[in-house]
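Observations on chain architecture
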Amino acid sequence: MTQTVLILGASGRFGRHAATAFDAAGWVVRRFDRRTGDLAAAARGAQVIVNAWNPPYPDWARQVPGLTQQVIGAATQSGATVMIPGNVYMFGEQTPPPWGAGTPHAARNPMGRIRIEMEAAFASAGLRTIVLRAGDFIDTQASGNWFDLVLTKRLAKGVFSYPGDPAIPHAWAYLPDMARAAVQLVGMRADLPAFADIPFPGYTLTGHEMAAALAQVTRGEVELRRMSMLPLRLAGPVWPLGRRLLEMSYLWRRPHWLDSTRFDDLLPEFRATPVETALASALPAGLVKPQVYPDQAVAAGG
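Quick summary incoming for the structure in this document. Every value quoted in this text rests on a predicted model; they were computed, and no experiment measured them.

So, how was this worked out
Residues numbered from 1 in each chain as written. Predicted model: local features only at pLDDT ≥ 70, side-chain atom pairs only at ≥ 80, totals over all residues. Heavy atoms only, no water. Salt bridge = Lys/Arg side-chain N within 4 Å of Asp/Glu carboxyl O. Helix = DSSP H or I, 4+ residues; strand = E, 2+ residues; numbered from the N terminus. Buried < 20%, exposed > 50% of the residue type's maximum accessible area, 1.4 Å probe, protein only. Pairing = 2+ DSSP bridges. Axes fitted to C-alpha atoms, helices over the stretch in contact; angles between N-to-C directions. Contact = heavy atoms within 4.5 Å. Phe/Tyr/Trp six-rings, centres within 6.5 Å; stacked < 30°, edge-to-face > 60°. Lys NZ or Arg CZ within 6 Å of the ring centre and 35° of its normal.

1. Structural notes on the pattern of salt bridges
- According to the stated counting rule, one finds 9 salt bridges in the structure shown.
- The partner of R35 in a salt bridge is D33, and the shortest N-O contact between them spans 3.1 Å.
- For E247, the salt bridge goes to R244, with nearest N and O atoms at 2.9 Å. Of this pair, E247 and R244 both sit in helix α9 (residues 240-247), 3 residues apart, which is roughly one turn of the helix.
- In this structure R244 comes out as partly exposed when scored by relative accessible area, which is 21%.

2. Comments concerning the sheet that holds strand β1 (residues 4-8)
- If you walk across this open sheet you meet the 6 strands as β2-β1-β3-β4-β5-β9, and the pairing is parallel. Every other strand in the sheet has two partners, leaving β2 (28-32) and β9 (195-199) as the edge strands with one partner each. Across this sheet, the average inter-strand angle for adjacent strands is 20 degrees, counted without regard to direction.
- Across 3 bridges, strand β3 (residues 48-51) lies against strand β4 (residues 81-86) in parallel orientation. Bridge assignment links V50 to a residue of β4, and that residue is M83.
- Sitting on the sheet, helix α1 (residues 13-24) is in contact with β1, β2, β3 and β4, with an inclination near 165 degrees to β1.
- Sheet contacts for helix α6 (residues 175-187): β3, β4, β5 (129-133) and β9; angle to β5, the most-contacted strand, approximately 155 degrees.

3. With respect to the packing of aromatic side chains
- Summed over the entire model, instances satisfying the criterion amount to 14 aromatic pairs.
- Plain terms: the ring middles of Y57 and Y89 are 6.3 Å apart, the flat faces sit at 75 degrees to each other, and that makes the pair edge-to-face. Here Y57, found in the loop between β3 and α3 (60-78), pairs with Y89, found in the loop between β4 and α4 (110-124); they are 32 residues apart in sequence, far enough to count as distant. Take Y57 and Y89: they sit in the same class, and that class is buried.
- One aromatic cluster is present, built from ring pairs that chain together W146, F147, F160, Y162, W172 and W252.
- Just above the ring of W53 sits the side chain of R34; from NZ or CZ to the centre is 5.2 Å.

Below you can see the structure in the form of structure tokens.
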């Protein structure tokens, strides 16, 4: 029997890759348009709703609670399982790694609290929910995330800008891999707890390690330079996004990685894309060594 998935935020980072992965797995994919669609009607007959809605950071406090209730309402009426691409914001700066399903949600900052409350709402709603939790995204095209907006923005000039301590580990997720894992986990949803919190291990890389991997796949030299947070501090009073970025900047100071135990138990055959291949696919084609990664050089976006 063909199954149907409704993607919320299908033009966004995770939503775009989720739509591709579910389609490749033979699902009927519905892409929801929030401007014109009726969510309850769109969810009717869907077995899964991918909640990839992610408003701009300054709008989280105003929009996330309402969007959460809309998804809960639609899933309750349709009986669909909700798949959420989770993040690491709810753990908080004071929480030591590794971060896993049993790690307390102890964030005290506003954005962390919003995510805590969002997940708590799903957990208490009685819905079958899967949270696939990941670190920062590596996309296959420029999509306004830390990787393309900051770290590799000046890579054409040989500069790898790093916003924190390059000697500490940082959690990353390659979006095609994360979406592929989401499809596999949804396929076993009947055997998972009603609320399943599953960390996606992805890659754990220091800034130095990422710089070295980029040097393997790019045409030119790669020089790591520390990025100053001073511009964010100066712009914060008049730039709401800058305030939110500064609020979450502790993730570049706090060593962190995700505990792979639960993921490995559930998907023991899952094989991640080699990190060099992922990085090559995330860069503009002109920066990538075609003789090393010919497919990625042709397909790269950015």
